[in-house]
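# Structural overview for review
Letter by letter, the chains look like this.
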Protein chains: 2
Amino acid sequence: MMDYPLLLRTYLIRTARYFAKKEIVSVYPEGAFRYNYGEYYQRVCRLAHALKSLGIGRGDRVASIALNDHRHLELYLGVPCCGAVLHTVNFRLPARHLVHIINHAGDRVVFVDEDLLMFIEPLKDQLTTVEKFVVLSHTGTLPQTGIENIVLYDDLIGDFPDEYDFPDDLSEQDPAMICYTSATTGDPKGVVYSHRAIVLHSLTVGITFGAGESDCILHIVPMFHANAWCAPFAGLIAGCKQVLPGREVINMEKLCRMIADEKVTFTAGVPTIWMLLFDYLEKGGWHDFSSLKTIVSGGAAIPLHLLKTFNEKYNFPIKQAYGATETTPLVSAALPKSYMTGLSDKELYDIRTSVGILVMGLEMKIVGTDGAEVEMDGTQWGEIWLRGPWIANEYYRDPERSKDAFAGGWYHTGDVATIDSEGYIRLVDRTRDLVKSAGEWISSVDLENLIMEHPGVAEAAIIGIPHPKWQERPLACVSVVDGQSVTADDLKAFLKDRVRASWWIPDDFVFLPGIPKTSVGKFDKRELRRLYAEGEIGPVNMA
Amino acid sequence: MMDYPLLLRTYLIRTARYFAKKEIVSVYPEGAFRYNYGEYYQRVCRLAHALKSLGIGRGDRVASIALNDHRHLELYLGVPCCGAVLHTVNFRLPARHLVHIINHAGDRVVFVDEDLLMFIEPLKDQLTTVEKFVVLSHTGTLPQTGIENIVLYDDLIGDFPDEYDFPDDLSEQDPAMICYTSATTGDPKGVVYSHRAIVLHSLTVGITFGAGESDCILHIVPMFHANAWCAPFAGLIAGCKQVLPGREVINMEKLCRMIADEKVTFTAGVPTIWMLLFDYLEKGGWHDFSSLKTIVSGGAAIPLHLLKTFNEKYNFPIKQAYGATETTPLVSAALPKSYMTGLSDKELYDIRTSVGILVMGLEMKIVGTDGAEVEMDGTQWGEIWLRGPWIANEYYRDPERSKDAFAGGWYHTGDVATIDSEGYIRLVDRTRDLVKSAGEWISSVDLENLIMEHPGVAEAAIIGIPHPKWQERPLACVSVVDGQSVTADDLKAFLKDRVRASWWIPDDFVFLPGIPKTSVGKFDKRELRRLYAEGEIGPVNMA
């Protein structure tokens, strides 16, 4: 067989030629912009010439700091197909992280949305590798700015020819995209995606969710978030219509209008968006979801009641999936099998609240504390290890932190899970949040959820603290509902018949006015551990 | 990203683990045999041990001479996953070709169906590389035979363990399968398929035709015919139920029962089978096609009236596709685009009788006589050139015949076609059958069809014959309907207003009692050219 590389170029050219009339829609507050893959390709070609004119060559990194729109989609294909690397920047990161990742990636050009320029302007003098700023603007006006070397995107690509000879001699292992994780400890870690990984992942996304040419994809997942889960690539490969909602992604009424007007069949997002949508719907918000076939949710678990309401009340068929920045990202999807149609509602929701079955093309081991694979019995816990063509083998320029995460040729996800006899995976906890008591694991997540079932408890977070006999014991940090009074003994009694085993019950409880949170709203257990280590919080009730 | 090879092993293991309960059905005259992927995998593991015990190692070739059943499907995965190569033998080839290809491939073991042993037995002494014969039998009885070193498949694999550690250190470019074309000139040519080619092709088949876990695939295409178009692999990868009809494939009543009883959703075949089915249906044969979603047809064109009748009268939705042994085989598929729902019946059938649009992942050029790509205007003719990860780059151990076919890094298909503005390809002729008159091409196929529209003509075949002035001119070889009388002048008059241009009209006509045919029923133009060259036939009417 030919030694023909898996490059995005091949797919771009086919779609531009044979699906030239299919539409791409960018939605702005002022209205929608529409063009088709034929016109899209011409602008991608102009972009390629422009990149060349800026001296951007193979392996060079350029950044996008942008919302989900068609110019961002032009960068998605234009940059990698030239052999350069698109660094999609999470503009919600703290300023010091923004500076770090742009410098660490060595971005030479920054493509920045006119609405996001404000995040970058104050940092400009710290960005040591950036030579040029390019403003993605749909208004056509260069904003007032103190940045020099700045140009409008449409002016930059303006007069170049609308044909380009994209190189066919790249290696499929050449980098196409780079994303940084929003690290919970230390600086963000970079993950580099090859052409090969993106192509294989996108084909697999297409088969897994049955996305084909007749689908219309709405991109709710930010395009800086693990390649928007490769939906833009999967959409291009299949010749799908694509809808990019820009800043209107958080306007639920507009989003519902888009779904109905554009006849969206497929979308994906994180629970944060589904919570906004849920509130909107419960307040009687207008919607028409009749075109929707598949909605993929990932990034965090959706509570059962939310999933049920979405499904049953609103006919909004959310499917959970699991992945990570390190995994391009799709690892598993919670799709019932065709022979499961006879299952009870409870059994079906038990499947649909799992993170699903490993997708085709990957290899997985769920490894227990003894180093052996756990049984497929739905109860044994182990860490998820992965390998496959779209699994990272290192963090970019970070050998120190790569060492453990990718030891032995497997990516150690840090996620602890069970797997049942049908292959459905259920996440238990993060390895670092598990409490290791006498060699056994206690799930902080499970324990927190149990404590939060107590009517007097507003929030509860569990951290492991050192113990002379049991190595580690859970410390429960609890905030009480205003006006209520709850004691450690109350909670111990409450937990008694609810926990998996009596030794799960925390010996120690700390009552706080509120639980500290991270920038994305999760319990900040690192901060709790620090507070405990420095003696600022301590047990009220040592056993 | 990890340097993780695309191997069939990864897909086999995932399906065996997570889709263990999905069914595989082999249909025999005595009834159906059923098991599931869990049990299938155990037998594939036993087979792997057995191959090892026979000394079959990496790169070794073993042959299958078999119908479509579950044992053949075990060979499909078991042999490549061990690192060996499965040579699927077309048992309908003439004996001298059978001997040639088994010797040429160097097959060390021959797995042969009990019903096909008769083809091989007389040849056994000529098979110089074969060390062992293994009989695939569902009756469990070793047939009476003069072959030594012969064993029943189920005995061979019988007592081995049902776990096997399939090697994960093969290269994805390692050979997995080998097929020989049924050559029209010279010996059959071998095409070697790598793991990579099969995986990528199968994923693409899945997306192109929307085949997923809920599909049930019936394998009508012989498993020796270009990997049964990789449907067994695509089915395994997605975890589909698979139905293997064995010799019942030509029993139309049984086939229709299978479709209904097993709730088949997807199948594929060549027009020969559809003709049999058509006759059966037109005679009022029982059928229930309500489960069918996709039927792929390839290998030759289906006449419009047949396609229409299948669709409209029988709700049997045939979709044409195009490919070759050299292309694993899928190249293009005649699927209307989603925005074409408003087209007229005529326009839709115009699309459905094309061979479709290039599938994702391949690159195509349609190259005219001037060496440039033709316009996408639906009229210009050119030869289809292809490249991509599942396109062959050579014929196995045949540098001489590889040279021209794969010149310049493209596979020159020998098929002349047009491509329209939407990308739909329509085959015109084979390059070797075109008549080159004064540097312009005349399609032998078109001309034959025009002549055969004359009510007095039974058959017509066109060959190009040398001409002193025009280089080549068409010679029409015609057989007349019994009892009718047709002259060259009649035919010239008939063609006058029907041909594309007046110079298409043959100067010369030869009337024959019948047109010689090849073993597969096509006009034997090689024989006609020989007859002409040796003066056995000649023009009756030289211009």
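The structure this text deals with has already been given above.
Let me sum up the structure you'll find in this document.

### Overview of the overall build of chain A
The number of helices and strands found in chain A is 16 helices and 25 strands. For a compact globule of 543 residues, the expected C-alpha radius of gyration is about 24 Å, and chain A comes in at 24 Å, within 12% of that figure. Expressed along its principal axes, the backbone C-alpha trace of chain A runs to roughly 75 × 55 × 55 Å. For chain A, the proportion of its 543 residues judged to be buried stands at 61%.

### Considering the pairing of strand β6 (residues 132-136) of chain B
All names here are of chain B. For β6, the tally of buried residues reaches 4 of 5 residues, placing the bulk of the element in the interior. Bridging between strand β5 (residues 109-113) and β6 involves 5 bridges; their strand directions are parallel. In the sheet register, Val112 faces β6, and the bridge partner there is Val135. Across 3 bridges, β6 lies against strand β7 (residues 150-152) in parallel orientation. Bridge pairing in β7 links Val135 to Leu152.

### A short note on the relation of the copies chain A and chain B
With an RMSD of 0.1 Å, the operation that places chain A on chain B is a rotation of 180 degrees combined with a shift of 0.0 Å along the axis. On this basis, the relationship between the two copies can be described by a two-fold rotation axis. Taking C-alpha positions as the reference, the residue of chain A nearest the rotation axis is Ile207(A), at 2.8 Å. When you check the interface residues of chain A against chain B, 100% turn up at the interface there too, and the contact is symmetric in its surfaces.

### Structural notes on the environment of Tyr4(A)
Summarising the element assignment, Tyr4(A) is placed in the segment before α1 (8-18). On the basis of relative accessibility, which here comes to 7%, the residue Tyr4(A) falls in the buried class. Separated by 260 residues in sequence, Tyr4(A) and Val264(A) have C-alpha atoms that sit 34 Å apart. Residues in contact with Tyr4(A), not counting those within four places in the same chain, are Arg9(A), Thr10(A), Glu172(A), Arg196(B), Gly361(B), Glu363(B), Arg387(B), Gly388(B) and Pro389(B).

### Considerations on the interface of chain A and chain B
Each partner contributes to the interface: chain A provides 62 residues, whereas chain B provides 62 residues. Among the residues of chain A in contact with chain B, Met1(A), Met2(A) and Tyr18(A) are the three that bury the most area, contributing 20% of the side total. Across the contact surface, chain A and chain B share 10 salt bridges. The salt bridge involving Arg17(B) is made with Glu373(A); its shortest N-O contact spans 3.2 Å. For the side of chain A that touches chain B, the secondary structure elements donating two or more residues are α1, β9 (190-194), α7 (195-209), α8 (231-238), β16 (357-358), β17 (363-367), β18 (382-387) and β19 (411-419) of chain A. Classifying every residue of the side of chain A that touches chain B gives 35 nonpolar, 12 polar and 15 charged.

### Describing the sheet that holds β18(A)
All names here are of chain A. Reading across the sheet, the 4 strands line up as β17-β18-β19-β20 and stay open at both edges, with antiparallel pairing between neighbours. The open sheet terminates on both sides in strands that have one partner only, identified here as β17 and β20 (425-430). When the angles between neighbouring strand axes are averaged without regard to direction, this sheet yields 45 degrees. Alignment of β17 against β18, held across 5 bridges, turns out to be antiparallel.

### Description of helix α1 (residues 8-18) of chain B
Most of α1(B) is tucked away: 10 of the 11 residues are buried. For α1(B), the complete set of buried residues consists of Leu8(B), Arg9(B), Thr10(B), Tyr11(B), Leu12(B), Ile13(B), Arg14(B), Thr15(B), Ala16(B) and Tyr18(B).

### Comments concerning the pattern of salt bridges
In total, this model carries 76 salt bridges over all chains according to the counting rule given. Among the ionic pairs, Glu23(A) bridges to Arg34(A), the shortest N-O distance being 3.3 Å. In this pair, Glu23(A) sits in strand β1 (residues 23-28) while Arg34(A) sits in strand β2 (residues 31-36), placing the two residues 11 residues apart along the sequence. For Lys337(B), the salt bridge identified is with Glu422(B), shortest N-O distance 2.7 Å. Of the two residues, Lys337(B) is situated in the loop between β15 (330-333) and α12 (345-352) and Glu422(B) in the loop between β19 (411-419) and β20 (425-430); the sequence distance between them amounts to 85 residues. Residue class for Lys337(B) comes out buried when judged on its relative accessible area of 3%. For Glu422(B), a relative accessible area of 11% puts it in the buried group.

Thresholds applied
- Residues numbered from 1 in each chain as written.
- Chains lettered and ligands numbered in written order.
- Predicted model: local features only at pLDDT ≥ 70, side-chain atom pairs only at ≥ 80, totals over all residues.
- Heavy atoms only, no water.
- Helix = DSSP H or I, 4+ residues; strand = E, 2+ residues; numbered from the N terminus.
- Rg over C-alpha atoms; globule rule 2.2 N^0.38 Å.
- Buried < 20%, exposed > 50% of the residue type's maximum accessible area, 1.4 Å probe, protein only.
- Pairing = 2+ DSSP bridges.
- Least-squares fit on C-alpha atoms with pLDDT ≥ 70 in both.
- Contact = heavy atoms within 4.5 Å.
- Buried area = accessible area lost by both parts, 1.4 Å probe.
- Salt bridge = Lys/Arg side-chain N within 4 Å of Asp/Glu carboxyl O.
- Nonpolar A, V, L, I, M, F, W, Y, C, P; charged D, E, K, R; others polar.
- Axes fitted to C-alpha atoms, helices over the stretch in contact; angles between N-to-C directions.

Remember, this is a structural readout, not a statement about activity or role.
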